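Residue strings, one per chain:
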Amino acid sequence: MSKYTVLIVEDEDAIREMLVIILEQVGFQVVAVSSAEEAQKALADDFPDLILLDWMLPGMSGVEWARRLKKDESCKTLPIILLTARGEEEDKVNGLDCGADDYVTKPFSPKELIARIKAVLRRSGKMNGSTLIVSGDLVLDTEQHSLMIANKPLDVSPTEFRLMQFFMTHPDKVYSRTQLLDQVWGRSVYIEERTVDVHIRRLRKILTEHARENLVQTVRGFGYRFSPQQD
Ligand code: CA
């Protein structure tokens, strides 16, 4: 299975650790935190493909955070599965009311959880048919989440993957850091502009390993440009 990233937000250590094991076993990439506040910070770094969110958390509750995300322009399409220890119908309705895509009641079987995660990923379009973006010998597969140069896979993070996806679909144009933040990270996530530089640097390092250091160019005083011809 390809690498989808799941952000786990669960304050109970034992459950969180178990979730990490279950998800990693089937090939998911996992980021695990224990509060909505930490999860918010994790989002600033990288968007996951799905959030597994505990209902009852210290500080901001899972339901409250889900509600905020669904109101946020850049986060509202992020699929959320609520984890709840409660089983009452009313609570389930409340859970979906906050914008969650599904809910799983604890205790759950690993099989059921994985099935629900895959179903939500499919519904959200993340697991539907393969979409290839090709530029020279660069091939980006939005379904497999893979990026290859001359059939060799590149080890890029989810953010660098989205950055490349944006560049490859918008070649030969210069984009400022602010524009890239808007397009790749989403406007309402508060991230410093130098975050763009950090990810560009990592991306260049990877591209350089494949002798493609000129694909992403710095345009002094303005920003960055992806030029597929100049490799
Ligand atoms: Ca809890």
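Residues numbered from 1 in each chain as written. Predicted model: local features only at pLDDT ≥ 70, side-chain atom pairs only at ≥ 80, totals over all residues. Heavy atoms only, no water.

Describing the overall build of the protein
When its secondary structure is counted, the protein shows eight helices and twelve strands. Its C-alpha radius of gyration of 19 Å places the protein within 12% of the 17 Å reference for a compact globule of 231 residues. By its C-alpha atoms, the protein is 60 × 35 × 25 Å across when sized along the principal axes. Burial statistics for the protein: of 231 residues in total, 48% are counted as buried. (Helix = DSSP H or I, 4+ residues; strand = E, 2+ residues; numbered from the N terminus. Rg over C-alpha atoms; globule rule 2.2 N^0.38 Å. Buried < 20%, exposed > 50% of the residue type's maximum accessible area, 1.4 Å probe, protein only.)

Topic: the sheet that holds strand β2 (residues 29-33)
On the basis of which strands lie adjacent, the open sheet formed by five strands has the order β2-β1-β3-β4-β5 and parallel pairing. At either margin of the open sheet sits one strand with a lone partner, and together these are β2 and β5 (102-105). On average, each strand axis in the sheet is tilted by 20° relative to the strand beside it, whichever way the strands run. Two strands pair when backbone bridges link them, and strand β1 (residues 5-9) and strand β3 (residues 50-54) are joined in this way by four bridges, in the parallel orientation. Looking at the pairing, Ile8 lines up with Leu52 of β3. Along the sheet face, helix α1 (residues 13-25) touches β1, β2, β3 and β4 (80-84) and points at about 170° away from the line of β2. (Pairing = 2+ DSSP bridges. Axes fitted to C-alpha atoms, helices over the stretch in contact; angles between N-to-C directions. Contact = heavy atoms within 4.5 Å.)

Overview of the coordination of the calcium ion
Binding of the calcium ion to the protein goes through Asp11 (OD), Asp54 (OD) and Met56 (O), at separations of 2.1 to 2.3 Å. Mapped onto the sequence, the residues coordinating the calcium ion show the spacing D-x42-D-x1-M. (Donors = N, O, S within 2.8 Å, 3.2 Å for Na, K, Ca; no water.)

What to know about the sheet that holds strand β12 (residues 223-226)
Strand order across the open sheet formed by three strands is β10-β12-β11, with antiparallel pairing between neighbours. Two strands close off the open sheet at either side, each with one partner strand: β10 (174-176) and β11 (216-219). Averaged over all pairs of adjacent strands, the angle between their axes in this sheet comes to 35°, without regard to strand direction. Summarising the sheet, β11 and β12 pair through four bridges and their orientation is antiparallel. Each bridged residue has a counterpart across the sheet, and for Val219 the counterpart in β12 is Gly223. Packing against the sheet, helix α6 (residues 158-169) makes contact with β10, β11 and β12, and its axis sits at approximately 65° to β12.

What about the domain arrangement of the protein?
Parsing the protein into structural domains produces domain 1 (5-123) and domain 2 (132-226). Regarding the contact of domain 1 and domain 2, the summed buried area is about 800 Å², with carbon and sulfur atoms giving 45% of it. Interface area lost by domain 1 to domain 2 is led by Ala44, Asp46 and Phe47, which between them contribute 50%. Linking domain 1 to domain 2 there are zero salt bridges. Our count for the contact surface shared by domain 1 and domain 2 stands at two residue pairs in polar contact (both at pLDDT 80 or more). Class assignment for the residues of the side of domain 1 that touches domain 2 results in three nonpolar, three polar and five charged. (Domains from an automatic or database assignment. Buried area = accessible area lost by both parts, 1.4 Å probe. Salt bridge = Lys/Arg side-chain N within 4 Å of Asp/Glu carboxyl O. Polar contact = N/O pair within 3.5 Å; in protein donor to acceptor, adjacent residues only side chain to side chain. Nonpolar A, V, L, I, M, F, W, Y, C, P; charged D, E, K, R; others polar.)

Let's talk about the packing of aromatic side chains
Inspection of the entire model under this criterion finds three aromatic pairs. Each ring, one from Phe166 and one from Tyr175, has its centre 4.8 Å from the other, and the planes form 70°; the classification is edge-to-face. In this structure Tyr175 comes out as buried when scored by relative accessible area, which is 11%. A ring pair is formed by Phe167 and Phe226, whose centres lie 6.1 Å apart and whose planes are at 15°; its orientation type is stacked. One end of the pair, Phe167, is in helix α6; the other, Phe226, is in strand β12, and 59 residues separate them in sequence. Each member of the pair, Phe167 as well as Phe226, carries the same accessibility label: buried. Here the aromatic residues Phe166, Phe167, Tyr175 and Phe226 are joined through ring pairs into a cluster of three or more. (Phe/Tyr/Trp six-rings, centres within 6.5 Å; stacked < 30°, edge-to-face > 60°.)

Regarding the state of the cysteines
A covalent bond bridging the sulfur atoms of two cysteines is what the word disulfide describes. Under the definition given, this model contains zero disulfides. The thiol of Cys75 is unpaired, and the distance to the nearest cysteine sulfur, on Cys98, comes to 14 Å. We classify Cys75 as buried; its relative accessible area is 1%. Exposure remark for Cys98: the relative accessible area of 3% places this residue in the buried category. (Disulfide = S-S within 2.5 Å.)

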